[in-house]
Amino acid sequence: MRAAIVGTGGIAGICHVPALRAEAHRAEIVAAVDIDPVRVKDFCTEHGIPAAYTDLEEMLAATTPDLVHVCTPPHLHAAQVAACLRAGAWVLCEKPPCLSLAEYDAMVTAERDGGPYAAVVYQHRFGSGARHLRRLIAEGELGRPLVAVCLTTWYRDHAYFDVPWRGRWDTEGGGPTMGHGIHQMDLLLATLGDWAEVRAMAGRLDRDIETEDVSLASVRFENGALASIVNSVLSPREESRLRFDLTDATVELSHLYGYENTDWTYTPAPQVTDEARIAGWRTPETDVPSSHTALLADLLDAYERGERPETSGAGGRQTLELIAALYKSALTGRPVHRGEIDETDPFYREMNGGMQL
């Protein structure tokens, strides 16, 4: 595949270039795009990329890439992803995929059966530890899911929000709920399935921004399980944490920006004494860390089969809909049910529904 990168800020060099290099046997980087001509030329020189552009449409016409990695600020994603899809390129888009459910639905109308498709960077689904847990739950090995805790308690100082597009509804789409906790919430949903109802609170407690700097939510899932979610950028001891309590076991994951197999622990319930069964819960011998590399490998597999990637379409929308519902509940003070935010709802067009905290 001929791959291109749009947006040459930190995430492009730290995560996307290494992921593409790891798949060099089936993908090569042919171009990069950035509105800053100096930055894109420096980026291309550093990473050995042959062509630098300052205009997306020009790059698409000149290089006809098969895959485009969109690494620009969130308010640019929808238009850029749609342009790439119309040009026939598959897309891997950084989170959040766009600013609203309306933008997401409009964006994916440019997809076609069999591809191209646009996938979202929800990389935590693809580590071997998460895949193993999801398989165990699907097969009933751990019993029925009952309770879950999902924490994204990170720290971002005041200077972090000096970047003009951060902390604004119209350019970032939200605060830590949208830009930080989205990863852990996506893994929560990928593990427990569809959510049914959310009740939430959000606040701007310390940072000088428009959006929230902390949010809390209680979520009921279609399978009856209940979950508690915390998203924060005010937490000096940073942690990403997930806990699943099932009838036969507690499963815990503690990490920060990415996990390995050793970050998972399984604790059997008192009534579970079959050592062979418990041994089968251990994470697999092959350790695939959660990463852009693991996600890209899955995306390229889907490309080769001509199939929809897991984090595209409905798979990419599920977490965005939960976030929209969380904001609606927090701002209106009432519970929100899955599916109620339709085209007639102001929270469909804007994550804050035109309201302010």
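The rules behind each value
- Residues numbered from 1 in each chain as written.
- Predicted model: local features only at pLDDT ≥ 70, side-chain atom pairs only at ≥ 80, totals over all residues.
- Heavy atoms only, no water.
- Pairing = 2+ DSSP bridges.
- Helix = DSSP H or I, 4+ residues; strand = E, 2+ residues; numbered from the N terminus.
- Contact = heavy atoms within 4.5 Å.
- Axes fitted to C-alpha atoms, helices over the stretch in contact; angles between N-to-C directions.
- Phe/Tyr/Trp six-rings, centres within 6.5 Å; stacked < 30°, edge-to-face > 60°.
- Buried < 20%, exposed > 50% of the residue type's maximum accessible area, 1.4 Å probe, protein only.
- Lys NZ or Arg CZ within 6 Å of the ring centre and 35° of its normal.
- Arc of directions from axis to C-beta.
- Polar contact = N/O pair within 3.5 Å; in protein donor to acceptor, adjacent residues only side chain to side chain.

Draft legend 1. Summary view of the sheet that holds strand E11 (residues 234-246). Judged by pairing direction, the sheet is mixed, and its eight strands sit side by side in the order E13-E12-E11-E7-E10-E9-E8-E14 without closing on themselves. In this open sheet, the two edge strands, each paired with only one partner strand, are strand E13 (264-268) and strand E14 (336-337). The sheet contact formed by strand E12 (residues 249-255) and E13 spans five bridges and is antiparallel. Across the sheet, Leu253 pairs through a bridge with Trp264, a residue of E13. Strand contacts of helix H6 (residues 128-138): strand E7 (145-155), E11, E12 and E13, with the helix running at about 30° to E13, the strand carrying the most contacts.

Draft legend 2. Structural detail: the packing of aromatic side chains. As enumerated under the stated definition, the model contains six aromatic pairs in all. On the numbers, 5.0 Å between centres and 90° between planes, the contact of Tyr160 with Phe161 is edge-to-face. We note that Tyr160, like Phe161, is buried. When the ring of Tyr259 is compared with that of Trp264, the centres are 5.4 Å apart and the planes differ by 90°; the resulting orientation is edge-to-face. The burial state of Tyr259 is the same as that of Trp264; both residues are buried. Sitting over the ring of Tyr160, Arg156 keeps its end group 5.5 Å from the ring centre. Sitting over the face of the ring of Tyr160, Arg166 holds its NZ or CZ atom 3.9 Å from the ring centroid.

Draft legend 3. Spatial organisation of unusual backbone geometry. The step from Lys95 to Pro96 runs through a cis peptide bond, and the omega angle for that step is -20°. Position of Pro96 relative to the elements: it lies in the loop between strand E5 (90-93) and helix H5 (101-108). Residue Pro116 is bonded to the preceding Gly115 through a cis peptide linkage, with omega at 10°. Its location among the elements puts Pro116 in the loop between H5 and strand E6 (118-120). Located in the positive-phi region is Thr64, a residue other than glycine, with phi close to 40°. Tracing the sequence through the fold places Thr64 in the loop between helix H3 (56-63) and strand E4 (67-70).

Draft legend 4. A look at helix H2 (residues 37-47). All of the buried residues along H2 are Val40, Phe43, Cys44 and His47. Each buried residue of H2 sits inside an arc of 95° when the element is viewed along its axis, so together they form one side. Exposed residues pointing more than 90 degrees away from the buried face of H2 are listed as Val38, Lys41, Thr45 and Glu46. At its buried positions, H2 is contacted by strand E1 (2-6), helix H1 (10-22), strand E2 (28-33) and strand E3 (52-53). Its side-chain oxygen at 3.0 Å from the backbone nitrogen of Val38, Asp36 defines the N-terminal cap of H2.

Draft legend 5. Inspection of the environment of Pro268 at higher detail. Along the chain, Pro268 turns up in strand E13. A residue is classified by how much of its surface remains accessible, and Pro268, at 29% relative accessible area, is partly exposed. Beyond its immediate stretch of four places on either side in the chain, Pro268 contacts Asp248, Ala249, Ile278 and Trp281.

Draft legend 6. How the structure looks around the environment of Val214. Looking at the secondary structure, you find Val214 in strand E9 (residues 214-221). Judged by relative accessible area, which is 15%, Val214 ranks as buried. Between the C-alpha atoms of Val214 and Met351, which are 137 residues apart in sequence, the distance is 15 Å. Apart from residues lying up to four places away in sequence, Val214 is in contact with Pro176, Ala202, Gly203, Leu205, Asn231 and Ser232.

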